[in-house]
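Examination of the molecular architecture
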Amino acid sequence: MADMRNIVILTGAGISAESGIDTFRDAGGLWEQHKVEDVATPEAFERDPDLVLRFYDMRREAIQAKQPNAAHEALAKLDAAWDGELLIVTQNVDDLHERAGASRVLHMHGTHLNAWCTACDMRTKWTGPMLDRPACPECGERALRPDVVWFGEMPYEMDRIYASLRKADLFVSIGTSGAVYPAAGFVQEAREMRVRTLELNLEASMGSRWFHESRHGPATQLVPQWVDEMLGG
Ligand code: BJW
């Protein structure tokens, strides 16, 4: 890895699992407890906004009580020390990368800690509930929704992600099942651009066969080990 300078890191729910945040598709994960089409689509929000807002209020509250783990901390250490370009593209809506100290973070599926006003389009920091239909601090309308990307909606900052992938020497995927596009397709795009690819995941993911190298185990072990390799420690 000595000749690597520009790095794109994709993270998914698996990196936050050891902080106590449920993943989506593992046994006992969120999609076993809730039907995805009932809570994570624009149609669900139109049909039953109370159900959707309650689901996100519950998760927003839970996330704020969780702490970053050794994997988030290792990536923050890499971010601080790495001279080359580095971008942590996270699918996660928690803020554990930032709370560990990482700054080069892009939330492609949005964040629990923002409210998005569908009346005036403003995004506002939000830590409390939305079920009681609070007014938008900007325009006063009661039209807030969680600032997260649901199925059928366009993930955020795709142009910036693809631009970083085009310049990358290394693409690393951490704790994601490879079930959800467009993130699941990044490894193939990276391969087409002759970028080196590495997967760090608890077990083989749906996309494992696309990676040059796949390492299996818990993120709190694999990520600090890999970061030490990158920093020559
Ligand atoms: C560990 C671990 C440990 C566990 N250590 N590892 C056919 C029909 C209809 C739609 C489509 C279709 N085909 C494709 C689509 C598009 C659709 C899609 O992909 N659907 C699939 C289900 C097929 N995608 C979209 O609609 C997206 N938008 C879109 O495509 O727009 C058009 C477009 C076109 C071209 C370019 C760009 C755009 C939007 C997707 C939005 C996803 N939203 C969610 C909810 C966000 C809000 C919320 O949190 O509620 O995002 S769904 C959910 O899945 C969440 C996650 O970010 C995402 C990915 O999940 P993730 O992170 O991979 O978690 P898991 O649980 O799946 O996996 C965890 C992994 O960790 C596992 O592998 C474990 O082994 C591992 N693990 N413990 C290390 N300790």
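The structure under discussion appears in the preceding block.
So, here is what we can say about the structure in this document. (Residues numbered from 1 in each chain as written. Predicted model: local features only at pLDDT ≥ 70, side-chain atom pairs only at ≥ 80, totals over all residues. Heavy atoms only, no water.)

This brings us to the site of the ligand. By nearness alone, 36 residues border the ligand, and Arg25, Tyr56, Arg59, Thr176 and Ser177 come closest of all. Arg25 places a polar side-chain atom, nitrogen or oxygen, 2.6 Å from an oxygen atom of the ligand. At 3.3 Å, a backbone N or O of Gly175 approaches an oxygen atom of the ligand. In the complex, the protein chains occlude 76% of the 1500 Å² of accessible area that the ligand would expose alone. Contributions of two or more residues to the shell around the ligand are made by helix H1 (14-17) and helix H5 (49-64). Grouping the amino acids of the shell around the ligand by side-chain chemistry returns 19 nonpolar, eleven polar and six charged. Built from parts of two domains, the shell around the ligand gets at least three residues from each of domain 1 (1-20 + 68-109 + 155-233) and domain 2 (22-65 + 112-148). (Near = heavy atom within 4 Å. Polar contact = N/O pair within 3.5 Å; in protein donor to acceptor, adjacent residues only side chain to side chain. Areas by Shrake-Rupley, 256 points an atom, 1.4 Å probe, with all protein chains shown as cover. Helix = DSSP H or I, 4+ residues; strand = E, 2+ residues; numbered from the N terminus. Nonpolar A, V, L, I, M, F, W, Y, C, P; charged D, E, K, R; others polar. Domains from an automatic or database assignment.)

In the structure shown here, the tally under the stated rule is zero disulfides. Summary of cysteine pairing: Cys120 is not part of a disulfide, and the nearest cysteine sulfur, belonging to Cys117, is at 3.7 Å. Its relative accessible area of 28% is what places Cys120 among the partly exposed residues. Considering cysteine sulfurs only, Cys117 is the nearest to Cys136, which forms no disulfide, with 3.7 Å between them. (Disulfide = S-S within 2.5 Å. Buried < 20%, exposed > 50% of the residue type's maximum accessible area, 1.4 Å probe, protein only.)

Quick look at the pattern of salt bridges now. Across all of its chains, the model carries twelve salt bridges by this definition. Among the salt bridges present, the one from Asp38 reaches Arg47, with a minimum N-O distance of 3.9 Å. Relative accessible area serves as the criterion here: at 27%, Asp38 is assigned to the partly exposed category. Salt-bridge contacts for Lys167 lead to Glu85; the nearest nitrogen and oxygen are separated by 3.0 Å. Placement of the pair is Lys167 in helix H8 (residues 158-167) and Glu85 in the loop between helix H6 (70-81) and strand E2 (86-90), with a sequence separation of 82 residues. Here the salt bridges do not stand alone but share partners, grouping Glu213, Arg215 and Glu229 into one network. (Salt bridge = Lys/Arg side-chain N within 4 Å of Asp/Glu carboxyl O.)

Here we come to the side chain of Ser173. Within the secondary structure, Ser173 sits in strand E7 (residues 170-174). The class of Ser173 is buried, set by a relative accessible area of 4%. Residue contacts for Ser173: discarding those within four places in its chain leaves Leu10, Leu198, Glu199, Leu200 and Phe211. (Contact = heavy atoms within 4.5 Å.)

Further remarks concern the nonpolar core. Ile9, Leu75, Val172, Val223 and Trp226 are the most contacted members of the largest nonpolar core, which totals 25 residues. Elements that contribute at least two residues to this core include exactly strand E1 (7-11), H6, E2, E7, strand E8 (196-201) and helix H10 (219-230). For this core, the element with the highest residue contribution is H10, accounting for six residues. Excluding anything up to four places from it in sequence, Ile9 contacts Leu75, Leu78, Leu86, Leu87, Ile88, Val89, Val172, Ile174 and Trp226. Membership of the second largest hydrophobic core comes to 20 residues, among which are Ala44, Ala115, Met130 and Leu144. (Core = buried A, V, L, I, M, F, W, Y, C linked by side-chain atoms within 4.5 Å.)

Let's shift gears to the sheet that holds strand E3 (residues 105-107). One open sheet accounts for six strands, arranged E3-E2-E1-E7-E8-E9; its pairing is parallel. Looking at which strands have only one partner, the edges of the open sheet turn out to be E3 and strand E9 (213-216). Each adjacent strand pair in this sheet contributes to an overall mean axis angle of 15°, direction not counted. The pairing of E8 with E9 spans four bridges and is parallel. Of the residues in E9, the one forming a bridge with Glu199 is Ser214. Running over the sheet, H8 touches E1, E2, E3 and E7 and is turned about 135° from E2. (Pairing = 2+ DSSP bridges. Axes fitted to C-alpha atoms, helices over the stretch in contact; angles between N-to-C directions.)

A word on unusual backbone geometry. Excluding glycine, residues mostly carry a negative phi; peptide bonds, for their part, are mostly trans. Note the cis peptide between Tyr181 and Pro182, where omega equals 5°. Looking at the element boundaries, Pro182 is found in the loop between E7 and helix H9 (186-192). Even without glycine at this site, Glu157 takes up a positive phi of about 55°. On the secondary structure map, Glu157 appears in the loop between strand E6 (144-148) and H8. Overall, Glu157 belongs to the partly exposed group, its relative accessible area being 42%. Phi at Arg194 takes a positive value of approximately 60°, unusual for a residue other than glycine. Mapping Arg194 onto the fold places it in the loop between H9 and E8. Classification of Arg194 as exposed rests on a relative accessible area of 77%.

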